Amino acid sequence: MAMEFGCQGSTWVLDYDVEADIMHQIMDDIKNGGLTGLDMQVSLLGKYKNAPEKFKEELDKRGLKLAALTIPHAFEGGKPSAQERELEDYYFEYLKHFPGAIMNVPSRVGKNRDNLLQRQKEIIKGANELGKRAIEEHGIITSLHPISYVTSYWRFKEDYDVLFDGLDPRYMGYTPDAGHIEFGGMEAAEIIKEALPLVKHVHFKDASKNNEWMKMGEGDIDFEKCIKVLKDGGYNGWVMLEEETGAEQENTSEVIVELGDYVRKNIYPIVKGE
């Protein structure tokens, strides 16, 4: 596939664990924004949680595709919890209704950064084993998504060095999130370029160097440079747009249109070589 663009569900509901039955609004917002894909935390599947065939019908009607399902993991002790394993098993089968869709795996944030290297090694071990099971038993690609909040295990460059050194490229990919990279004092384009062989999925949201979320194009992240790195590196996956400024909670539909406009004006010309 060529590089394609969509939205991640956090723009509608930020908390991965909050359930909401708003999938029709999400699909309509993305279509109206001129984007083509969805990356959804499974808590937002609503009435389609047990009906993948109907979900696909609704996506097809709108000319949309499921790019990924997002399932956060803690990997305590280096393995999935019973609940995490149950979700994996269920959604591996669910994803088989959507050829090409991946499982995006955010690394849950802890209460603190105590025992940091131990926790990092546990997460990497659990992620690699999940990826191996996913691809060998189900033909599903998985990708780990670091979240760089204050108590995250993946905040700074030295944390990312541990991550990139430990992830097994045969089994587990990496989902760079430009905003979280910026929050860690790094440059998104540089991190993406360094990790390019691992990149299986991409999240874009804007942020300032002062660690404030910004509207797309108003922060300090050079998204055009990021796209050039991805294009030059032969990346042909999904780029998912997000916004977490707070404004998206007041008028999500308008925010998605603005994200689509930004992509059309600033990103598509680079992808298409115009």
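Residues numbered from 1 in each chain as written. Predicted model: local features only at pLDDT ≥ 70, side-chain atom pairs only at ≥ 80, totals over all residues. Heavy atoms only, no water.

K.L.:
How should the overall build of the chain be read in this particular structure?
P.N.:
Secondary structure assignment for the chain yields nine helices and ten strands. Over its C-alpha trace the chain gives a radius of gyration of 17 Å, about what one expects of a compact globule, namely 19 Å for 274 residues. A buried classification covers 56% of the 274 residues belonging to the chain. Carbon together with sulfur atoms contributes 48% to the accessible area of the chain, which is approximately 11,800 Å² in total. Each charge sign in the chain was given a centre, from 33 positive and 49 negative side chains, and these centres are 4 Å apart. (Helix = DSSP H or I, 4+ residues; strand = E, 2+ residues; numbered from the N terminus. Rg over C-alpha atoms; globule rule 2.2 N^0.38 Å. Buried < 20%, exposed > 50% of the residue type's maximum accessible area, 1.4 Å probe, protein only. Areas by Shrake-Rupley, 256 points an atom, 1.4 Å probe, with all protein chains shown as cover. Lys, Arg positive; Asp, Glu negative; His and termini not counted. Charge placed at Lys NZ, Arg CZ, Asp CG, Glu CD.)

K.L.:
Looking at this structure, I do not really get the pattern of salt bridges. What am I missing?
P.N.:
For side chains of opposite charge, pairing can occur when their charged atoms come near one another. Throughout the structure, instances matching the rule amount to 27 salt bridges. Lysine 65 is the partner of glutamate 4 in a salt bridge, and the nearest nitrogen-oxygen pair spans 3.2 Å. Placement of glutamate 4 in strand 1 (residues 4-8) and of lysine 65 in strand 3 (residues 65-70) is noted, with a sequence separation of 61 residues between them. On the basis of relative accessibility, which here comes to 16%, the residue glutamate 4 falls in the buried class. Judged by its relative accessible area of 44%, lysine 65 is partly exposed. Here the residues in one salt-bridge network are Asp28, Glu58, Lys61 and Arg62, joined through shared partners. (Salt bridge = Lys/Arg side-chain N within 4 Å of Asp/Glu carboxyl O.)

K.L.:
I tried to follow the side chain of arginine 133 on my own but got confused; where do I start?
P.N.:
By the secondary structure assignment, arginine 133 is in helix 4 (residues 116-138). Of note is the side chain of arginine 133, whose polar atom sits 2.4 Å from the side chain of glutamate 88. At 2.8 Å, the side chain of arginine 133 forms a polar contact with the side chain of aspartate 89. Not counting residues up to four positions away in its chain, the partners in contact with arginine 133 are Arg85, Glu88, Asp89, Phe92 and His138. (Polar contact = N/O pair within 3.5 Å; in protein donor to acceptor, adjacent residues only side chain to side chain. Contact = heavy atoms within 4.5 Å.)

K.L.:
Sorry, what's going on with a nonpolar patch on the surface here?
P.N.:
On the surface, Leu14, Val109 and Tyr149 cluster together into a nonpolar patch covering about 230 Å² of accessible area. With respect to the helices, strands and loops of the structure, valine 109 is situated in the loop between strand 4 (102-106) and helix 4. (Patch = residues over 30% accessible without salt bridge, like charges linked within 9 Å, V, L, I, M, F, W, Y side chains within 5 Å.)

K.L.:
Looking at this structure, I do not really get the environment of glycine 273. What am I missing?
P.N.:
Looking at the element boundaries, glycine 273 is found in the segment after helix 9 (252-271). Along the backbone, glycine 273 and lysine 228 are 45 residues apart, and their C-alpha atoms lie at a distance of 9.9 Å.

K.L.:
Just to check I follow, could you spell out the sheet that holds strand 10 (residues 238-241) for this structure?
P.N.:
The strands making up a sheet associate through hydrogen bonds between their backbones, and the pairing can be parallel or antiparallel. Spatially, eight strands are ordered 6-5-4-3-2-1-10-7 in an open sheet, and the strand pairing comes out parallel. Each edge of the sheet is formed by a strand with only one pairing partner; in this case those strands are strand 6 (172-174) and strand 7 (202-204). Averaged over all pairs of adjacent strands, the angle between strand axes in this sheet comes to 30°, irrespective of strand direction. Relative to strand 10, strand 7 runs parallel, the two sharing three bridges. If you follow histidine 203 over to strand 10, its bridge partner there is methionine 240. Each of strand 3 and strand 4 is contacted by helix 3 (residues 82-95), which is oriented at about 145° to strand 4, the strand it contacts most. (Pairing = 2+ DSSP bridges. Axes fitted to C-alpha atoms, helices over the stretch in contact; angles between N-to-C directions.)

K.L.:
So what exactly am I meant to see when it comes to the packing of helix 1 (residues 23-32) against helix 9 here?
P.N.:
Helix packing geometry: the angle between the two helix axes and the distance between the axes. One way to put it is that helix 1 packs onto helix 9 with a least axis distance of 8 Å and a crossing angle of 35°. Here helix 1 runs over helix 9; the crossing is right-handed. Along the contact surface, helix 1 presents Gln25, Asp29, Ile30 and Asn32, while helix 9 presents Thr252, Ser253, Ile256 and Val257. Its residues placed into classes, the contact of helix 1 with helix 9 shows three nonpolar, four polar and one charged. (Left-handed = near helix turned anticlockwise from the far one by under 90°. Nonpolar A, V, L, I, M, F, W, Y, C, P; charged D, E, K, R; others polar.)

K.L.:
Quick question: what am I supposed to make of the packing of aromatic side chains here?
P.N.:
The geometry of two aromatic rings is summed up by the distance between their centres and the angle between their planes. Applying the stated criterion across every chain yields a total of 13 aromatic pairs. Among the aromatic side chains, those forming a connected cluster through ring pairs are Tyr48, Phe55, Tyr90, Tyr91, Tyr94 and Phe98. Between the NZ or CZ atom of lysine 272 and the centre of the ring of tyrosine 268, over which it lies, the distance is 5.0 Å. (Phe/Tyr/Trp six-rings, centres within 6.5 Å; stacked < 30°, edge-to-face > 60°. Lys NZ or Arg CZ within 6 Å of the ring centre and 35° of its normal.)

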